[in-house]
Amino acid sequence: MQPLGDPLYHLRLMARMGRTVGADLNGAFAAGEIRHRDWAAMITRCRGCTAPEQCEAFLAAHEHAEAPMPGCRNAAALMQLKGRS
């Protein structure tokens with residue numbers, strides 16, 4: 001089993017991916033749509049990713065995207081948050 005990546009690094013990647021796809025993570029957290037444990041689970045899933053370099057490349061190549069990069073461990077959560085009103 002691979003060790004988990006740096007929490008702050010992956011928090012930043014996750015936040016960037018959220019902005020890129022139009023999912024307002026901070027707004028959802030402030031509105032109570034994401035709880036502390038949800039936020040922590042998302043970061044932990046990101047930390048377990050084996051392809052953070054691919055994530056960085058995707059983010060560098062896409063200012064905006066319809067969906068997270070293929071294989072993103074938080075794709076479902078990000079797409080759900082993207083669709084919130």
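Residues numbered from 1 in each chain as written. Predicted model: local features only at pLDDT ≥ 70, side-chain atom pairs only at ≥ 80, totals over all residues. Heavy atoms only, no water.

### Re the overall build of the protein
Helices and strands together make up the secondary structure of the protein, namely five helices and zero strands. Starting at the N terminus, the α and β elements of the protein follow one another as α-α-α-α-α. In terms of overall dimensions, the protein is globule-like: its C-alpha atoms have a radius of gyration of 12 Å, near the 12 Å expected for 85 residues. With the C-alpha coordinates of the protein rotated into their principal frame, the extents come out at 35 × 30 × 20 Å. A burial count over the protein gives 38% of its 85 residues as buried. For the protein, the exposed area adds up to about 5300 Å²; of that, 56% sits on carbon and sulfur atoms. Charge separation in the protein, taken as the distance between the mean sites of 10 positive and 8 negative side-chain charges, equals 6 Å. (Helix = DSSP H or I, 4+ residues; strand = E, 2+ residues; numbered from the N terminus. Rg over C-alpha atoms; globule rule 2.2 N^0.38 Å. Buried < 20%, exposed > 50% of the residue type's maximum accessible area, 1.4 Å probe, protein only. Areas by Shrake-Rupley, 256 points an atom, 1.4 Å probe, with all protein chains shown as cover. Lys, Arg positive; Asp, Glu negative; His and termini not counted. Charge placed at Lys NZ, Arg CZ, Asp CG, Glu CD.)

### Quick look at the nonpolar core
The biggest cluster of nonpolar side chains holds 20 residues, and the ones touching the most others in it are Met17, Leu25 and Leu78. Going through the elements one at a time, helix H1 (7-21), helix H2 (25-30), helix H3 (36-47), helix H4 (52-61) and helix H5 (75-82) are the ones with two or more residues in this core. Ignoring anything within four residues of it in the chain, the contact list for Leu25 reads Met14, Ala15, Gly18, Ile34, Trp39, Met42, Leu78 and Leu81. (Core = buried A, V, L, I, M, F, W, Y, C linked by side-chain atoms within 4.5 Å. Contact = heavy atoms within 4.5 Å.)

### With respect to the environment of Gly5
Along the chain, the position of Gly5 falls in the segment before H1. C-alpha separation for the pair Gly5 and Met69, spaced 64 residues apart in sequence, amounts to 18 Å. Setting aside residues no more than four positions away along its own chain, Gly5 makes contact with His10 and Arg47.

### What about the packing of H1 against H3?
Here H1 crosses H3 at 105°, and the two axes come no closer than 9 Å. When the axis of H1 is compared with that of H3, the two are roughly perpendicular. Residues Pro7, His10, Leu11, Leu13 and Met14 of H1 touch H3, and the partners they reach there are Trp39, Met42, Ile43, Cys46 and Arg47. Partitioning the contact of H1 with H3 into residue classes produces eight nonpolar, one polar and one charged. (Axes fitted to C-alpha atoms, helices over the stretch in contact; angles between N-to-C directions. Parallel < 35°, antiparallel > 145°, perpendicular 65-115°, else oblique. Nonpolar A, V, L, I, M, F, W, Y, C, P; charged D, E, K, R; others polar.)

The values reported here are purely geometric and, on their own, carry no functional implication.
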